[in-house]
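Architecture and fold: a report
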Amino acid sequence: MYDYIIIGAGSAGCVLANRLSEDPDTKVLLLEAGPRDRHPFIHMPAGLSKLVNKKGVNWDYDTAPEHELNGRTLWWPRGKVLGGSSSINAMCYIRGVSGDYDDWSAQGATGWDWKTVLPYFRRSERNSRGDDALHGANGPLYVSDLRYTNPLSQVFIEAGREAGYAVNRDFNGAAQQGFGYYQVTQKNGARCSSAVAYLDPARERHNLTIVTGAQVNRITFDKGRANGVIYVANGQPYHQEVSREVLLSGGAINSPQLLMLSGVGPAAQLRKHGIDVVADAPQVGENLQDHLDICTLQHSTQRVTYDRVSDLRIAFDYYLRGHSGPGSSNIAEAGAFVRSALAPDERADIQLHFVPAMLDDHGRRRLVGDGYTLHACFLRPRSRGRIGLVSARAADKARIEARYLSDPEGFDLKMMLECAKLSRELFAQKAFDAYRGAPIFPPRNDYSDAELIEFIREKAETVYHPIGTCRMGSDEESVVDPQLRVRGVEGLRVVDASVMPTLIGGNTNAPTMMIAERAADLIRGRAQ
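What you see is a predicted model, and the numbers here were worked out from it, not measured in a lab.

Things to note about the packing of aromatic side chains
According to the stated counting rule, one finds 18 aromatic pairs in the structure shown. Between Y372 and F432, the ring centres sit 4.9 Å apart and the planes meet at 20°, which makes this aromatic pair stacked. Placement of the pair is Y372 in strand β19 (residues 371-378) and F432 in the loop between α11 (411-427) and β22 (436-441), with a sequence separation of 60 residues. Feature note: the residues F156, Y165, F179, F354, Y372, F427 and F432 constitute an aromatic cluster, connected by ring pairs. Residue placement shows K459 over the ring face of F441; its charged tip is 4.2 Å from the ring centre. Just above the ring of W112 sits the side chain of R518; from NZ or CZ to the centre is 4.6 Å.

Laid out in structure tokens, this is it:
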């Protein structure tokens with residue numbers, strides 16, 4: 001019998017597997033629905049542009065029709081492979097700012113304030129720039145400067161300076177705001193996912209068992225205590241019992257779905273699908289938040305973009321010349337954090353990712369010619385969505401209602417308009433004069449506010465940061481308590497981005513790994 005069963009070998013699950021199996025007397029089972037992370041496009045950073053069409057490593061979700069986005073369904077890619085979404089993302093290493101975590105604590109997530117979580121970020125990190133008060137240099141997660149950048153990325157940074165913004169060398173330093181290059185989760189020019197960082201060093205431990213291709217159907221309970229999981233692997237069903245705890249790390253979509261399938265969730269919804277209620281937990285699946293993103297695209301008059309580069313040449317340079325050249329690029333090389341005129345406090349409320357290529361529909365739709373793209377998202381949306389069941393079968397995808405732009409005050413839409421205007425302003429700077437061709441999206445540079453709003457409703461997409469559906473808090477309505485224990489049952493925790501009470505100001509991968517680092521200490525009784 002195993003001491004711990006971890007469901008999901010993603011950004012959080014790999015961390016837990018490593019830390020809990022450090023004790024040779026602790027037996028750990030790690031279950032992952034996807035395959036091993038063997039695909040070469042996973043490990044070559046620029047391969048992320050090709051992964052969008054690799055269904056075998058992606059849950060390939062779609063939202064329900066989004067009322068405020070002209071009834072469109074939005075594609076939500078999530079990693080279904082060892083490493084989870086850290087194996088298919090753009091590798092940007094961003095933590096957010098201290099106020100994000102102090103907000104969590106103020107909302108009832110006691111013990112998750114900035115002062116408490118910073119040591120876990122530092123424990124996780126192996127930064128190529130070395131150790132200091134904010135960064136670690138001895139952790140398993142390699143954080144590096146990009147080996148190769150496109151010349152247009154520097155043009156973008158210069159455009160930000162011309163527009164009156166600061167240049168920032170470290171978005172995770174003393175100040176977040178400004179324009180600069182992202183540091184990335186790479187080791188020697190290759191992707192450093194949570195599987196590479198945490199799982200690979202632990203694979204040979206005799207007390208850690210890793211099963212891929214394992215679809216978990218439900219968690220089982222005995223008198224209100226989680227006592228095992230039922231899963232299918234290689235076509236065979238298994239009921240594996242556990243002696244201590246089940247640790248659910250499926251992410252913001254799969255974790256609430258599996259809780260509900262296991263009888264923990266809104267009682268009426270469970271009974272509707274014929275599921276026996278173990279614990280009536282109305283907030284399971286609620287509080288869904290995500291960063292909505294609008295892309296502005298412009299043609300380039302010079303052929304310096306990544307649009308027409310030779311895939312064969314890139315692969316040759318990368319694999320035969322020591323992980324060098326464009327193959328080591330994360331594509332979204334430069335970015336910015338900007339505080340708009342509508343910001344309610346001192347924090348940046350807009351994040352930018354600049355891509356020296358034309359990116360439409362997540363890169364699934366190829367455009368003719370050369371161009372560049374600017375992603376812009378509002379960092380602290382007020383809209384809230386939900387995850388729901390469509391059936392009692394784990395094989396049926398959950399219903400995703402993101403409910404973008406649905407806040408009663410309409411503030412999210414106002415901020416998305418700010419995002420679109422800022423993007424247009426930056427592309428008009430002198431730095432782009434030598435490259436600026438015709439506008440693509442929107443197709444004119446003189447769009448009115450009303451036209452920009454319609455453009456947003458027609459073209460905005462996710463920037464891949466869903467969180468919040470198993471909210472952590474001290475109130476009885478929260479799904480998990482500040483120790484990440486599921487309320488209403490025993491022996492079960494949720495450890496992933498779903499426990500975040502609110503979105504942080506930036507990419508969510510590094511914070512998810514931080515959560516798992518601290519969770520491992522909570523489980524072992526070592527947390528501060």
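Read on for the rest.
Here's the deal with the pattern of salt bridges
Under the counting rule described, the total for this entry stands at 41 salt bridges. Beyond isolated ion pairs, a larger network of salt bridges with shared partners links R19, E22, R123, E517, D521 and R524.

Notes on helix α4 (residues 98-106)
Listed as buried for α4 are G99, D100, Y101 and W104. Where α4 is buried, its residues meet α5 (114-124) and α13 (509-524). Immediately beyond the C-terminal end of α4, within one or two residues, lies G108, with a positive phi of roughly 115°.

Focus: the packing of α4 against α5
Between two packed helices, the angle of one axis relative to the other and the distance separating the axes together describe the packing. One way to put it is that α4 packs onto α5 with a least axis distance of 9 Å and a crossing angle of 120°. Comparing their axes, α5 and α4 come out oblique. Seen from α4, the contacting residues are S98, Y101 and D102; seen from α5, they are W114, V117 and F121. Considered class by class, the residues forming the contact of α4 with α5 number 4 nonpolar, 1 polar and 1 charged.

As for α5
When α5 is considered as a whole, its buried residues turn out to be W114, T116, V117, L118, Y120, F121 and S124. Contacts made by the buried residues of α5 are with α4, β5 (125-127), β6 (141-143), α7 (194-199) and α13. Structurally, the start of α5 carries an N-cap: the backbone nitrogen of K115 is 3.3 Å from a side-chain oxygen of D113.

Regarding the environment of D496
For D496, the location among the structural elements is in the loop between β24 (492-494) and α13. Expressed as a C-alpha distance, the spacing of D496 and H291, which sit 205 residues apart in the sequence, is 17 Å. Leave out the neighbours within four places in its chain, and D496 touches A12, L248, S249, G250, G251, S255, T512 and I515. At a separation of 3.2 Å, a polar atom in the side chain of D496 contacts the main-chain amide nitrogen of G250. A polar contact of 2.4 Å, which involves the side chain of D496, links it to the side chain of S498.

Conventions we followed
Residues numbered from 1 in each chain as written. Predicted model: local features only at pLDDT ≥ 70, side-chain atom pairs only at ≥ 80, totals over all residues. Heavy atoms only, no water. Phe/Tyr/Trp six-rings, centres within 6.5 Å; stacked < 30°, edge-to-face > 60°. Helix = DSSP H or I, 4+ residues; strand = E, 2+ residues; numbered from the N terminus. Lys NZ or Arg CZ within 6 Å of the ring centre and 35° of its normal. Salt bridge = Lys/Arg side-chain N within 4 Å of Asp/Glu carboxyl O. Buried < 20%, exposed > 50% of the residue type's maximum accessible area, 1.4 Å probe, protein only. Contact = heavy atoms within 4.5 Å. Axes fitted to C-alpha atoms, helices over the stretch in contact; angles between N-to-C directions. Parallel < 35°, antiparallel > 145°, perpendicular 65-115°, else oblique. Nonpolar A, V, L, I, M, F, W, Y, C, P; charged D, E, K, R; others polar. Polar contact = N/O pair within 3.5 Å; in protein donor to acceptor, adjacent residues only side chain to side chain.

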